[in-house]
Amino acid sequence: MNRAQQQRGGAGSLFSVVIPCFNEEEVIRETHSQLHAALQKSGLPLEFIFVDDGSADRTLEILLELQRNDPAMRVVALSRNFGHQVAVTAGLEQTTGNVVGIIDADLQDPPEVFLEMLAAWREGIDVAYGQRRERAGETAFKRSSAKAFYRLINRISDVDIPLDTGDFRLMDRAAVDALLAMPERDRFVRGMVAWLGFPQRAIAYDRAARFAGETKYPLKKMLRFATDGLISFSLVPLRFATLFGGLVISLSMLGILYALVLRIFTNDWVEGWTLLFIAVLFIGGVQIAFLGVIGEYVGRIYGEAKRRPLYFLKLRAGFPDQPKPAATNDRHGDDA
Ligand code: UDP
Ligand code: MG
């Protein structure tokens, strides 16, 4: 047994679990009790960090009520809805455990799988991520678009993001600290963790349907999430623009040559309006499309350049270092 293994799971290990919640009033009590029931078996002291991502329903109220009777429970509330990936990041920043789990609030990912992940961690694995065998309750469109997306991103980026993987995972403290040291604002967590390296292992599981409520990822959010992933991990769309531009220029050269030959050596040179019309439309379309691609990158550079904090907290409850003022404007909480 090496040193890393000896430190894992011995006395003094704390298991932190991050749960992002956005309008989850229907499930949150059940999630809380199932997490407790399943993770009791780990034998580790536990810490649950529920992140309220600006819910508009009673999620926060219920969380605070649960927290009052549960010393293992901590609650942070973001000042508004910042999105799943930022909520996860905010939760990770509050963890103190030497092993950290991330799980959705809707019980699609069974908490018992954490036990298998912990076993891998004890063997020296730093990142144990859940890989879905079955995806009950998800539309065929969601399944096939997800599959196509991961194929695409793996082909055109330099990280290999495992197929059928979400953010359900377990990470050693070292990996969490490394992840939090990455300052980017467009946080595609599963890609960032894949990029980190460290010993990683897939743990296969069956994904259930949502316990209650509806998906908080409508098509628009999913598209945005996919674009973030592609653009944070690949310059291929830009290179493709360059290549395609080169191709169009070569074709244009031929066209120009053709026009000159007609003009100089023949009398047919008023002809060719159709070709001209098509060429103008085509090149115009290509230019606008690739301006859009460049715009996506520039927009993200703009976002980074503003250097705004990733989120603001409006509330923290249940942390051992409290009492604290209700509002903090520090991205890192308040542990200065
Ligand atoms: N979520 C969040 N902020 C958002 C959207 C979602 O914190 O803006 C949370 C949500 O409460 C859930 C997890 O992210 O715990 C995954 O969302 P969901 O289950 O709706 O996504 P799906 O499983 O349908 O992909
Ligand atoms: Mg879900």
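Just above sits the structure.
Heads up: these notes are all about the structure in this document. (Residues numbered from 1 in each chain as written. Chains lettered and ligands numbered in written order. Predicted model: local features only at pLDDT ≥ 70, side-chain atom pairs only at ≥ 80, totals over all residues. Heavy atoms only, no water.)

### Some points on the packing of helix α7 (residues 173-180) against helix α8 (residues 189-196)
To characterise two packed helices, one gives the angle between the axes of the helices and the distance between these axes.
At step 1: Contact pair α7 / α8: the axes reach a minimum separation of 10 Å and the direction vectors enclose 115 degrees. Crossing geometry of α7 relative to α8 is assigned as right-handed. Counting all contacts with α7, which are made through Ala175, Ala178 and Leu179, the residues of α8 involved are Val189, Met192, Val193 and Leu196. (Axes fitted to C-alpha atoms, helices over the stretch in contact; angles between N-to-C directions. Helix = DSSP H or I, 4+ residues; strand = E, 2+ residues; numbered from the N terminus. Left-handed = near helix turned anticlockwise from the far one by under 90°. Contact = heavy atoms within 4.5 Å.)

### Notes on the sheet that holds strand β6 (residues 165-172)
Within a sheet, adjacent strands bond to each other through the backbone by hydrogen bonds, running parallel or antiparallel.
At step 1: In spatial order, the strands read β7-β5-β6-β4-β1-β2-β3-β8; together these eight strands make up an open sheet with mixed pairing. With one partner strand each, in any of the chains shown, β7 (200-207) and β8 (313-317) form the two edges of the open sheet. Averaged over all pairs of adjacent strands, the angle between their axes in this sheet comes to 20 degrees, without regard to strand direction.
At step 2: As judged from the five bridges shared by strand β2 (residues 46-52) and strand β3 (residues 73-78), these two strands associate in the parallel manner. By the bridge assignment for β3, phenylalanine 50 is matched with valine 75.
At step 3: Sheet strands in contact with helix α5 (residues 113-122) are β1 (15-21), β4 (99-102), β5 (127-135), β6 and β7, and its direction is about 45 degrees off that of β6. (Pairing = 2+ DSSP bridges.)

### A word on the coordination of the magnesium ion (ligand 2)
At step 1: Protein-derived coordination of the magnesium ion (ligand 2) comes from Asp106 (OD) and Gln108 (OE1), at a distance range of 1.9 Å. Note on accessibility: aspartate 106 and glutamine 108 belong to one class, buried. (Donors = N, O, S within 2.8 Å, 3.2 Å for Na, K, Ca; no water. Buried < 20%, exposed > 50% of the residue type's maximum accessible area, 1.4 Å probe, protein only.)

### As for the packing of helix α10 (residues 236-265) against helix α11 (residues 273-306)
At step 1: The N-to-C vectors of α10 and α11 enclose an angle of 160 degrees; their axes lie 10 Å apart at closest approach. Considered as vectors, α10 and α11 are oriented roughly antiparallel to each other. Of the two elements, α10 crosses α11, and the hand of that crossing is left-handed. For the pair α10 and α11, the contacting residues are Pro237, Leu238, Phe240, Ala241, Phe244, Val248, Ser252 and Tyr258 in the first and Leu275, Phe282, Ile283, Val286, Phe290, Val293, Ile294 and Tyr297 in the second. (Parallel < 35°, antiparallel > 145°, perpendicular 65-115°, else oblique.)

### Some details on the pairing of β1
At step 1: Here β1 lies mainly inside the structure; seven of its seven residues are buried.
At step 2: Alternating residues of β1 divide into Phe15, Val17, Ile19 and Cys21 and Ser16, Val18 and Pro20, and every residue in both groups is buried.
At step 3: One ladder, built from seven bridges, connects β1 with β2; its direction is parallel. Residue pairing in the sheet places phenylalanine 15 in a bridge with leucine 46 of β2.
At step 4: With respect to chirality, the unit in which β1 leads through helix α2 (residues 28-40) into the neighbouring parallel β2 is right-handed.
At step 5: Across four bridges, β1 lies against β4 in parallel orientation. Bridge pairing in β4 links valine 17 to glycine 101. (Right-handed = clockwise from strand over helix to strand, strands pointing away.)

### Thoughts on the nonpolar core
At step 1: Within the largest apolar cluster, 41 residues are counted, with the highest numbers of intra-cluster contacts made by Leu78, Leu92, Met171, Leu179 and Tyr311.
At step 2: Not counting chain neighbours up to four residues away, the residues in contact with leucine 78 comprise Val51, Asp52, Asp53, Gly54, Ala87, Ala90, Tyr311, Phe312, Leu313 and Lys314.
At step 3: Leu39, Leu46, Val113 and Ile203 belong to the second-largest nonpolar core, a separate cluster that totals 36 residues. (Core = buried A, V, L, I, M, F, W, Y, C linked by side-chain atoms within 4.5 Å.)

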